[in-house]
Structure formats: C-alpha cells, structure tokens
Amino acid sequence: MTGHDEVDRIVEAWERERPDLDVDPLRVFSRVSRLSRHLDLARRAAFAEHGLEVWEFDVLSALRRAGAPYELTPGTLLTQTLVSSGTMTNRIDRLVDHGLVLRHSGPGDRRVVLVRLTQRGQEIVDAAMTDLLAREAALLERLRPDESAELAATLRTLLTPFES
C-alpha cells in the first residue's frame, strides 16, 4: 500500500461506526468519484485554456472524430453527446455564432441538415485535445504502463453493462 488517502479514513470510520456493513465498494467507488472530480477540473482547465466550455468540446470533438469532411447530422451529434434535440439546436446555434461550425443542407436533399467543423473549430479542438491529453497523462503518471492498461481493462469491465 502506498499510504493512506481520504477514502481510507472514510472507510475506517464507517467500519468503526457500522461494523455490520460491508463497506468494500467504498474502497473503489469513492476513489473513482474523487478521481472523477479531479479529472473534471483538469478537463475544464484544458478547455478554458482554449476558450471552450465542456459542451463545446464535446460537440467539436464528435465532429473532429468523424473524419474529413468533419460533419455530422444534428441527430448523430445528439446520440454522441447524450443531449436533447432542443439542447443540441441551441448548442449548434452558439457554435455557429462563434465561427466554430457551419450548418448547411445535405447534398441532393435540402431537408438533411449537416453540421461541419470550420478550420478555426478544428484548430481549437485539436489544441484543446492536445492540452487535455497532457493533463490526463499527468493524472496517470504514477502508474506504470502495465498498471494503466490493467486499470483501463478493469474499468471497461465495470462500464460495459451500462453502455450495452
């Protein structure tokens, strides 16, 4: 063990106060929760460095991951970012206003709307992604590569049932 953390203190207190409970899940999920907060702060800082909100990065990165010509329908964007149709419309409007995306009709069918990443949007999302990965790597720097791979596999095992 590499020393005590706040979770150890919390678990010890619950074990003392409620010895009838199996508090082992706290050993994992309290740490996941605390790490999530640190990750959220790192992400917000990385995005703010590039003038982005978290939601802006989510939409821009979905477009960037789509590959050239970096465009998707609003429906695909909602599926990838897990927001409502009204929320996505508002987000696209704001990104258009900031010059980060363009909205246009699909080829051959004017009823199809496509959202395309602008050159400026691509530059910003690429820079934010580079910054984000550096910050996330710093959060993992205490792990050896094999430990990081094992952690990723274990977390995948826990997460998969929720995403099926």
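As the structure is a prediction and not an experimental result, all values here were calculated from the model. (Residues numbered from 1 in each chain as written. Predicted model: local features only at pLDDT ≥ 70, side-chain atom pairs only at ≥ 80, totals over all residues. Heavy atoms only, no water.)

Some remarks on a nonpolar patch on the surface
Logical step 1: Side chains of V28, F29, V32, L139, L140, L143, L151, L155 and L158 sit close together on the surface and give an oily, nonpolar patch of about 720 Å² of accessible area.
Logical step 2: When residues of the nonpolar patch are traced back to their parent elements, those giving at least two are α2 (24-48), α6 (119-140) and α7 (145-163).
Logical step 3: Along the chain, the position of L155 falls in helix α7.
Logical step 4: L155 gets classed as partly exposed once you look at its relative accessible area, which sits at 38%. (Patch = residues over 30% accessible without salt bridge, like charges linked within 9 Å, V, L, I, M, F, W, Y side chains within 5 Å. Areas by Shrake-Rupley, 256 points an atom, 1.4 Å probe, with all protein chains shown as cover. Salt bridge = Lys/Arg side-chain N within 4 Å of Asp/Glu carboxyl O. Helix = DSSP H or I, 4+ residues; strand = E, 2+ residues; numbered from the N terminus. Buried < 20%, exposed > 50% of the residue type's maximum accessible area, 1.4 Å probe, protein only.)

Some thoughts on the pairing of strand β3 (residues 109-117)
Logical step 1: As judged from the 2 bridges shared by strand β1 (residues 71-72) and β3, these two strands associate in the antiparallel manner. Paired with E71 across the bridge in β3 is R116.
Logical step 2: Where strand β2 (residues 101-106) lies against β3, 6 bridges are found, and the strand directions are antiparallel. When the bridges of β3 are listed, R103 appears paired with V115.
Logical step 3: Hairpin connection from β2 to β3: 2 residues lie between these consecutive antiparallel strands, with G108 at a positive phi of about 85 degrees. (Pairing = 2+ DSSP bridges.)

Some words on the pattern of salt bridges
Logical step 1: Under the definition given, this model contains 15 salt bridges.
Logical step 2: Residues R103 and D93 are paired through a salt bridge, measuring 2.6 Å at the closest nitrogen-oxygen approach. Residue R103 is found in strand β2, and its partner D93 is found in helix α5 (residues 85-97); the two are separated by 10 residues along the sequence.
Logical step 3: For D93, a relative accessible area of 32% translates into the label partly exposed.
Logical step 4: Between R144 and E147 there is a salt bridge; the shortest N-O distance is 3.2 Å.
Logical step 5: In this structure E147 comes out as partly exposed when scored by relative accessible area, which is 27%.
Logical step 6: Through salt bridges with shared partners, a single ionic network connects D5, D8 and R31.

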